[in-house]
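Okay, here's what each chain looks like letter by letter:
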Amino acid sequence: MPDLRTQLVTRVRTMLSHALGSSRTRLGTARTELDAAAQRLRRVREAAARVPDRVGTERDRRVADLADRYAAQIDRLANRAGTAAARDAPGAASTDWPDWRPTPVTRGEPPGPLRIGTIRLPGSPTVPALVPLLDTGHVQLSGTDRAGCDDVVATLLLRALGRAAPGAVRLIGYDPEHLGGGLAGFAPLSTAGLLTFVGPGGLARLLDDLVDQIRRINETVLAGEYRSLRELAAATGRRPEPWRVAVLLGGEELSRHERGQLDRVVRTGAACGVHLVVRGIALPAEPTVCRVVVTDAEARLDSCPDLPVRLDPAPPATLVTETSREVATRVNAGPPPTPFTDLLPPVDEMWREDSSHGLTAPIGDGPQGRPVLLTLGDYPPHALIGGPSGTGKTNLIFAWIGALAARYSPAELEFYLLDFKEGVSFARFAQGRRDPSWLPHMRLVGINVNTDREFGLALLRFLAEELRRRADAAKRHEVTKLSELRSVDPQGRWPRIVAVVDEFQMLLAGRDAVARESADLLEDLARRGRSQGIHLVLASQDVRGIEALWGRPALVAQFTLRIALPKALRILAERNDVAQTLPRHHAVVNAESGMPEGNQVARIPAASDWGTWSDLQHRLWRMRPPDAAPARLFDGDAIPRLDEAPDFVALRPSGTERVGNAGRESRTAGDATREAGTDAGVERAPGGARGPVALLGEIIDVQARSAGMRLPRAPGRNLAVLGTGVDEAYAVLEAAARSLRRQHRPGTARFSIACLDPDADTAARSLYEALGDDAAWYDEEDITELMAETANGLGRGSAPGEPHYLLLYAVDAAAGQLGGSLGGRTGLEHLRHILHNGPERRTHTFAWWRGVARMRADLGGPASRTDQIGAWIALDVQGAELGTSLYPAAGSGPDWYPRPWRGLFFDRAVHRTGQVIIPYGPSR
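Keep in mind that this is a model prediction, so the values were computed, not measured.

Caption draft 1: Geometry of the overall build of the chain. For the chain, the count of helices and strands is 23 helices and 35 strands. Of all 924 residues assigned to the chain, the portion counted as buried reaches 51%. When the accessible surface of the chain is totalled, it reaches about 41700 Å², and 51% of it is carbon and sulfur.

Caption draft 2: Main features of the nonpolar core. Judged by nonpolar contacts, the single largest core of 77 residues is most densely connected at L722, L808, W849, W872 and L882. With eight residues, the single largest contributor to this core is helix α8 (residues 453–476). The contacts of L808, once residues within four sequence positions are left out, are L733, A754, I783, L786, M787, L831, T845, F846, A847 and W848. Counting residues in hydrophobic clusters, the runner-up holds 50 residues, among them F340, L359, A383 and L439.

Caption draft 3: Structural view of the sheet that holds strand β3 (residues 138–142). Across the sheet, 10 strands lie side by side as β2-β1-β10-β9-β8-β3-β7-β6-β4-β5; this open sheet has mixed pairing. Two strands lie at the open edges of the sheet, namely β2 (126–131) and β5 (195–198), each paired on one side alone. Taking the axes of each pair of neighbouring strands and ignoring which way they run, one obtains an average angle of 30° across the sheet. Pairing of β3 with strand β8 (residues 289–295) involves five bridges; the strand directions are parallel. Bridged to S142 within β8 is V293.

Caption draft 4: Quick look at the side chain of Q532. In this structure, Q532 sits in the loop between α11 (513–528) and β17 (534–540). Q532 gets classed as buried once you look at its relative accessible area, which sits at 5%.

Caption draft 5: Representation of the environment of H257 within the structure. In this fold, H257 is placed in helix α5 (residues 256–268). A sequence separation of 53 residues divides H257 from A204, and the C-alpha atoms of the two residues are 7.6 Å apart. Every residue in contact with H257, bar those within four places of it in the chain, is listed here: A204 and D208.

Caption draft 6: Structural context of the pairing of β3. Counted residue by residue, β3 has four buried out of five residues, so it is predominantly covered. Bridging between β3 and strand β7 (residues 274–279) involves three bridges; their strand directions are parallel. Bridge pairing in β7 links V139 to V277.

Caption draft 7: Structural view of a negative patch on the surface. On the surface, D348, E349, E353 and D354 cluster together into a negatively charged patch. Within the element layout of this structure, D348 appears in the loop between α6 (317–332) and β11 (358–365). Judged by relative accessible area, which is 52%, D348 ranks as exposed.

Caption draft 8: Main features of the sheet that holds strand β24 (residues 693–699). With mixed pairing, the 10 strands of this open sheet are ordered in space as β25-β24-β35-β34-β33-β26-β32-β29-β27-β28. For this open sheet the edge positions go to β25 (706–710) and β28 (775–778), each flanked by a neighbour on one side alone. Each neighbouring strand pair of the sheet contributes to a mean axis angle of 25°, computed without reference to strand direction. Looking at chain direction, strand β33 (residues 871–874) and strand β34 (residues 903–907) are connected through four bridges and run antiparallel. Each residue of the ladder has a partner; that of I873, found in β34, is F905. Here helix α19 (residues 783–793) sits on the sheet in contact with β27 (750–755), β28, β29 (804–809) and β32 (843–849), set at roughly 155° to β29.

Caption draft 9: Spotlight on the packing of helix α3 (residues 203–222) against α5. In contact at an axis separation of 9 Å, α3 and α5 are set at 35° when each is read in the N-to-C sense. Both α3 and α5 take part in a crossing whose hand is left-handed. For the pair formed by α3 and α5, the contact residues are L203, A204, L207, D208, L210, V211 and I214 on the first element and H257, E258, Q261, L262, R264, V265 and T268 on the second.

Caption draft 10: Looking closely at the environment of A731. If you trace the backbone, A731 turns up in helix α17 (residues 726–742). Its relative accessible area of 1% is what places A731 among the buried residues. Between the C-alpha atoms of A731 and P922, which are 191 residues apart in sequence, the distance is 6.2 Å.

Caption draft 11: Summary view of helix α18 (residues 761–771). Where α18 is concerned, the buried positions are A764, L767 and L771. Projected down its long axis, α18 shows its buried positions confined to an angular sector of 60°, all on one face. When the buried face of α18 is taken as reference, the exposed residues oriented beyond 90 degrees from it are T762, E769 and A770. Of the surrounding secondary structure, the elements contacted by the buried residues of α18 are α17, β27, β28 and β29. One or two steps after α18, the chain reaches G772, where phi turns positive at roughly 75°.

Caption draft 12: Highlighting the pattern of salt bridges. For the structure shown, the criterion picks out 36 salt bridges. E231 is paired through a salt bridge with R227; the nearest N and O atoms lie 3.0 Å apart. With a relative accessible area of 69%, R227 lands in the exposed category. Between D643 and R738 there is a salt bridge, with the nearest N and O atoms lying 2.5 Å from each other. Of this pair, D643 sits in the loop between β21 (632–635) and α15 (646–649) while R738 sits in helix α17, placing them 95 residues apart in sequence. Through salt bridges with shared partners, a single ionic network connects D96, R115, R159 and D312.

Caption draft 13: How the structure looks around the packing of helix α7 (residues 393–407) against helix α14 (residues 610–622). Two elements in contact, α7 and α14, have axes whose closest approach is 11 Å; the angle formed by their N-to-C orientations is 30°. Overall, the two elements α7 and α14 adopt an arrangement that is roughly parallel. In the packing of α7 onto α14, the handedness of the crossing is left-handed. Packed against α7, whose contacting residues are F398, I401, G402, A405 and A406, the element α14 presents W613, L616 and L620 at the interface. Among the residues making up the contact of α7 with α14, the classes are represented as seven nonpolar, one polar and no charged.

Caption draft 14: Geometry of unusual backbone geometry. Looking along the chain, the bond that leaves Y379 and enters P380 is cis, with omega of -5°. Note that P380 resides in the loop between β12 (371–377) and β13 (383–386). We note that R842 has phi near 65°; this positive angle belongs to a residue other than glycine. What makes R842 partly exposed here is its relative accessible area of 33%. A positive phi angle is found at W901, which is not glycine, with a value near 55°. Relative to the helices and strands, W901 is located in the loop between α23 (879–886) and β34. For W901, a relative accessible area of 14% translates into the label buried.

Caption draft 15: Summary view of the packing of aromatic side chains. Evaluated as defined, the whole model comprises 16 aromatic pairs. An angle of 20° between the planes, with centres 6.1 Å apart, marks the rings of F426 and F429 as stacked. Each of the two residues, F426 as well as F429, counts as buried. Centre to centre, the rings of F429 and W613 are 5.2 Å apart; their planes meet at 85°, and the pair counts as edge-to-face.

Caption draft 16: Here's a closer look at helix α21 (residues 827–837). Listed in full, the buried residues belonging to α21 are G827, L828, H830, L831, I834 and L835. For α21, the buried positions fall inside an angular range of 160° around the axis, keeping them on one side.

Caption draft 17: Expanded view of the pairing of β7. For β7, the buried fraction is high: six of the six residues fall into the buried class. The side-chain alternation of β7 yields two buried faces, one formed by V274, L276 and V278 and the other by H275, V277 and R279. As paired elements, strand β6 (residues 243–249) and β7 share six bridges and run parallel to each other. Paired with L249 across the two strands is R279, which belongs to β7. After leaving β6, the chain enters α5 and then returns to the sheet as β7, a path that is right-handed.

About the thresholds
- Here the residue index of a chain counts from 1 through its sequence in written order.
- Confidence filtering applies because this is a predicted model: local features only for residues at pLDDT of at least 70, side-chain atom pairs given and counted only at 80 or more, and all residues used for totals across whole chains, interfaces and linings.
- Side-chain calculation: all heavy atoms of the structure are included, whereas hydrogens and water are not.
- For helices the rule is a DSSP run of H or I covering at least 4 residues; for strands it is a run of E covering at least 2, with both sets numbered from the N terminus onward.
- Only protein chains enter the accessibility calculation, which uses a 1.4 Å probe. A residue is then buried if its area is under 20% of the maximum for its type, exposed if over 50%, and partly exposed in between.
- Residue-level accessible areas treat just the shown protein chains as cover; the underlying method is Shrake-Rupley with a 1.4 Å probe.
- Note on terminology: a nonpolar core comprises buried Ala, Val, Leu, Ile, Met, Phe, Trp, Tyr and Cys residues joined through side-chain atoms within 4.5 Å.
- Any two residues having at least one pair of non-hydrogen atoms within 4.5 Å are treated as being in contact.
- Any two strands are treated as partners once DSSP identifies two or more bridges connecting them.
- Fitted lines through C-alpha atoms give the axes, limited to the stretch in contact for helices. The angle between two N-to-C directions lies from 0 to 180 degrees.
- Candidate patch residues must exceed 30% relative accessible area and have no salt bridge, after which like charges are joined if within 9 Å and Val, Leu, Ile, Met, Phe, Trp or Tyr side chains if within 5 Å.
- The term salt bridge refers to a side-chain nitrogen of Lys or Arg lying within 4 Å of a carboxyl oxygen of Asp or Glu.
- Here the positive residues are Lys and Arg and the negative ones are Asp and Glu; neither His nor the chain ends is included.
- Charged side chains are reduced to one point each, which is NZ for Lys, CZ for Arg, CG for Asp and CD for Glu.
- Left-handed describes a crossing whose near helix is turned anticlockwise from the far helix through less than a right angle; right-handed describes the clockwise counterpart.
- The arc in question is the one spanned by the directions pointing from the helix axis to the C-beta atoms.
- Here is the rule for angles: anything less than 35 degrees is roughly parallel, anything more than 145 is roughly antiparallel, 65 through 115 is roughly perpendicular, and the remaining ranges are oblique.
- Basically, the charged four are Asp, Glu, Lys and Arg, the nonpolar ten are Ala, Val, Leu, Ile, Met, Phe, Trp, Tyr, Cys and Pro, and anything else, Gly included, counts as polar.
- For Phe, Tyr and Trp, rings pair up if their centres lie within 6.5 Å, where Trp contributes its six-membered ring, and each pair is then called stacked (planes under 30 degrees apart), edge-to-face (over 60) or tilted (otherwise).
- Whether a crossover is right-handed depends on one test, that the path from the first strand over the helix to the second runs clockwise when the strands point away from the viewer.

Function-wise, these values are silent; they only describe arrangement.
See the structure below:
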């Protein structure tokens, strides 16, 4: 038992010892861990103590970075906003007042918003505060700062005026409290009708008128094709209506009717260019309304209510007044013309139109922006244009020609243009020395023909002959109209012809043969020309030009298309005076013989400037057909040259020369042209006899033809040049000699030159040298010997000798020498013998007498016969002096009134009436 107890005690003690050792070990371990934990705790506490500083530093760094990024973003946004503002509100829409000036928008460009101040963003950047108005919406002003509201109104209106073309903004002021005083600076606009005031009680009428304008624009201008005027302007480049800005500055409570009309304007006005700028009147909640609240020189916009706007100062009063006055002045002077390109079709559509049934082209824009068309066809067939000097008649003709020429090819349309007033503006249609281009449609251009009415008559004769040719062709094909003729004869060339005669009254001036025949031809062409595609366009700046027609009602009735320029008289019907109020660059187009119901007002583009016209002409010239020839240019102030005359160039010694200048059929120089109509000078001699032809000058005719005298072996084939004009007389004799010399081989003809006038000696000797060995020179001492030798030579044998041409300069000056006797006869008797018998022996005399009486004296006296003078040219000789012996027609003589460098040519073998010619200028 004791041992067991002892063993138990020992075991217990051992276990307790083990437990104590284990506990002590654990205790040491725990204390070690505790120390480690304490160290960790200390380290954690130390680390925790360092975190706030590090976190604060990082936070501060990140906050600073965010601030920098925010500031940079603000700067970028501000710059982008400034760039956008500069793009959307350039020039006058946002420029500061010291540098401000009007900068109108171009055609079709929107005016954009208008600046009223600046928005200061956090930091230093500022952004323009823009308010949409024109083409966008309405502006309502409110707030405690009434003066600030008035400044905003002045700012908006002045910037709107500066962004629009003069006259494109019209203001209507309603200021019942100050009776217009709030808009006093804009008062000069009222002189041009751009500012009207509505007095107290007139608000209802004002709103009614605005609603009517909106309705009219929707119905007639937009017409369902466009949703707004802005869209129309962007699509067409034209804005037919102005912006109307109604400024409503307070007033009494609106009536129910006024409120309803105001709501309609707010809803629908912006699309039609009708806008409101309102203070003291509440506008309905519509997206088109921009609300500006003004307090103490600052404002807030409903589009950005949290950003204050620092308002711009009010525009200086002098700037407002001067700008308004300048705008009014420009509007009173008339609107500028629209671009000429508005009349032209796209390039790929040029020359696509068919003229079978007529010619149609725009002449300008109407009040609603739609093109005003001019038509020439069966109805209306002809046009009458009238307007005082300076109203744009020439420009209108240019615009019409350009619009037609761009649409119809030369195979469809031809022009004949004649300008009786002095000037060369129409010469650009023909080929020039500096510019080789010409309008391919133009066949004839006559300029400076105010003293050459015969050229106008020649044009009418040509058109009458063309009318006869077309009528004959229509009869052969059993049709009546041009459209039918073109249908049955598609291979024929039947273009429509438009003949434009500017200052046409010159043709009808006086009571001579030219006026009578011109009037008859005009009436016939006007009556019958439309069926064959020949159309007349007559223009005049003088009321007398129109009055010249009134005596012929049948002629006037054919001109159903009337075009009246500003202040034109007698063009339209008597009770139609709309032309008296037209602005510049406008015209009334009336296709109803001038009756008021046919009026259309057109704004005419600027087309007469050479730079404007040149681009079109060069483009059409490059499109011309391969066989196209330049137009015939007749300049009444230019002197033709013999070396350039087609008939002279075609002369050959063979005698069968071909005359064929570009654009007309080749023909023999001696072939007879139509006597009725042109009285051509290069005619066949009586009996069909042929012989050399002496060219004397250029015929005043549609074609560049020479007046010539055929020299067969027939009595009377001599020429007398009558008058004191030394240069003209020499020019005629030189042209005759040089043209004859060109038809003879060297040594086959003789030329005897006798010059008895010292003033012509130099020129005559120049001709003598040019003729070479075939010429002989005689002076006063030798003239009697020449006459005797030539007269005696006519009687030798029966066969004619070689051709012999006597060129006698101032033969009347040798009366004393010719009076002496040589061989039993006097020199005058020899001269008469030569004149009488020479032509049949191939001896022809070209003699210059300085007066008709002197010629008669040399021929035997006042009662002597003049049969031996088969042709004559009168220079500075009155028609009455020629008498019936030289001019066998009813009356005392021809209708001839001398003028510089012109002559009246009459060849009794071929002519019924005298023919005006232009002597060729001296050879160079």
